[in-house]
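Chain by chain, the residues:
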Amino acid sequence: MIYVGIDVASNKHDVCIMSEEGEIFGNVFQIRNSRDEYKKLLNKIKDAKKLFKDSNVRIGIESTGAYSSALVNYLSNCDAIEVIYINPILTNMFQHSELVHYAKTDKLDAEGICNFLQQKKKKLYTYTPPSYHIQEAKSLGRELNNINKSLNKQINHLTSLLHVVFPEFFQIFPRIKGKLCLSLLEVFPTPRDYLNKRVSTIFNLGYKAAKGHFSQSQANAILSLAKHSIGFYSSSDSIIIKQLVQLIKLLTEQKAELIKRMTALVKEHCPILLSIPGIGGNIACTIYGEIGDISNFHNADALVAFSGVNPLVFESGNFKAKNTMISKKGSAYLRNALIQASRIIARFDPTFRNYFDKKKAEGKCYNSCINHVAKKLIRVLHHLLKNNCDYQIVNN
């Protein structure tokens, strides 16, 4: 077996080629992200095959997100090459265990990946590229997560600004949410903008934005609060509030478009997930994209570990920790989606509700109970996906 260790970076990748006996082929060299450079790598591997008289090649690449994606996909489609996608935590711990005085350079890291492949050859699995639809679901789920973070950030910014500019606004709208609230802020961002305005003007705007769910008494209340506001503001605050409202509206539209596409995708390719109460189109699509091919997980425990909701174990001598945190390893996107689904399913499904109540009776806090529900949900998901069957609600 010929081992190839590739230390991935943004602009270049360091490559080490090693024989089964640990002999390094030439010097550690670099390649960049281009087709010609990838062909250079394949030619080097071809030369190493001739020198070592071995046709079996195993390439190790650390899972470093976007930087390694193009290289992994290219090599996975090459014949007679086995690609191993490695968790960087494992290679880092391995190299620290090999040397007391550990020096870190890209060349040494590439060599360290080769040594890791050689030592752990019986415990590694070949990387299988995900299908087009799984990759699409994964991208959509992660983009929705990014949009939600941006949306929450802008809403929090707008909320804090309004507490200074127009604190009385929250007497009518406790939360910055909905078309009515945003439409009023976009046209009347500060209390000064309400001055000399007729009640009918405010009412007509609110009535149209809320599709009839806005009364004249509410318009009167807003106008009265604006006239006697204690808010402190300048002309720049008006511009900032308008821009924040426009940005929130844009992000909300983008979010709705993503959810629509995610729902359609999961209905077509993995409708099983939608049979579980509490899992809608966006959560189902995120779970589908993050789990990928269920055959990659040989049992439910492996999927639990991948989601990061498995409890940490700490024992030493006669001591055994009873209360430990979850590991939070693996996919944070999958874990967040499962926690969201667990909060809903614990309320509406009898089986999960009883399980939640059982953990609550044991004295566990709410978040701990939800984590237990999430672990149970993962085992259910593993069973459904493995056996290609819908979820059946059992009424106790």
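Residues numbered from 1 in each chain as written. Predicted model: local features only at pLDDT ≥ 70, side-chain atom pairs only at ≥ 80, totals over all residues. Heavy atoms only, no water.

A. Structural view of the pairing of strand S2 (residues 12-18). Across the seven residues of S2, seven count as buried, placing the element largely inside the fold. Both strand S1 (residues 2-8) and S2 contribute to a ladder of six bridges, which runs antiparallel. Its bridge partner lying in S2, Val8 is registered against His13. As judged from the four bridges shared by S2 and strand S3 (residues 29-32), these two strands associate in the antiparallel manner. (Buried < 20%, exposed > 50% of the residue type's maximum accessible area, 1.4 Å probe, protein only. Helix = DSSP H or I, 4+ residues; strand = E, 2+ residues; numbered from the N terminus. Pairing = 2+ DSSP bridges.)

B. Molecular detail of the sheet that holds strand S4 (residues 57-62). Across the sheet, five strands lie side by side as S3-S2-S1-S4-S5; this open sheet has mixed pairing. The strands lining the two open edges of the sheet, one partner per strand, are S3 and strand S5 (82-86). Each strand of the sheet is rotated relative to its neighbour by a mean of 25°, with strand direction disregarded. Across the sheet, helix H1 (residues 35-52) is in contact with S1, S2, S3 and S4; its angle to S3 comes to roughly 145°. (Axes fitted to C-alpha atoms, helices over the stretch in contact; angles between N-to-C directions. Contact = heavy atoms within 4.5 Å.)

C. Just the side chain of Asn371, in detail. Mapped onto the fold, Asn371 is located in helix H15 (residues 366-387). For Asn371, the contacting residues outside a window of four places in its chain are Ile326 and Ile339.

D. Layout of helix H4 (residues 106-119). For H4, spanning 14 residues, the distance from its first C-alpha to its last is 20 Å, which sits close to the expected 20 Å at 1.5 Å a residue. Turning to H4, its buried residues number three or more, namely Asp109, Ala110, Gly112, Ile113, Cys114, Phe116, Leu117 and Gln118. Structurally, H4 contributes buried residues whose contacts are with S1, S2, S4, S5 and helix H3 (88-98). (Expected span 1.5 Å × (residues − 1).)

E. Up close: the packing of aromatic side chains. As enumerated under the stated definition, the model contains 14 aromatic pairs in all. On the numbers, 5.5 Å between centres and 80° between planes, the contact of Phe94 with Phe116 is edge-to-face. Of this pair, Phe94 sits in helix H3 while Phe116 sits in helix H4, placing them 22 residues apart in sequence. For Phe94, a relative accessible area of 9% translates into the label buried. Both rings, one in Phe356 and one in Tyr366, keep their centres 5.8 Å apart while their planes meet at 70°; by these two values the pair is edge-to-face. Of this pair, Phe356 sits in helix H14 (residues 350-361) while Tyr366 is found in helix H15, placing the two residues 10 residues apart along the sequence. Lys44 extends its terminal NZ or CZ atom over the ring of Phe29, reaching a point 5.2 Å from the ring centre. The ring of Tyr355 is capped by Lys376, whose NZ or CZ atom sits 5.1 Å from the centre of that ring. (Phe/Tyr/Trp six-rings, centres within 6.5 Å; stacked < 30°, edge-to-face > 60°. Lys NZ or Arg CZ within 6 Å of the ring centre and 35° of its normal.)

F. Main features of unusual backbone geometry. The backbone of Lys53 sits at a positive phi, close to 55°, despite the residue not being glycine. For Ala80, which is not a glycine, the phi torsion comes out positive at approximately 60°. One can find Ala80 in the loop between helix H2 (66-76) and S5. Exposure remark for Ala80: the relative accessible area of 54% places this residue in the exposed category.

G. The arrangement of the nonpolar core in detail. In this structure, Ile176, Tyr194 and Ile287 are the most contacted members of the largest nonpolar core, which totals 78 residues. Broken down by element, this core gets its largest block of residues, 11 residues, from helix H5 (residues 132-165). When neighbours within four sequence positions are excluded, Tyr194 is seen to be in contact with Phe166, Phe169, Leu184, Phe188, Ile202, Ile222, Leu223 and Ala226. Formed by 24 residues, the second largest nonpolar core is a distinct cluster that contains Val4, Leu41, Val72 and Val83. (Core = buried A, V, L, I, M, F, W, Y, C linked by side-chain atoms within 4.5 Å.)

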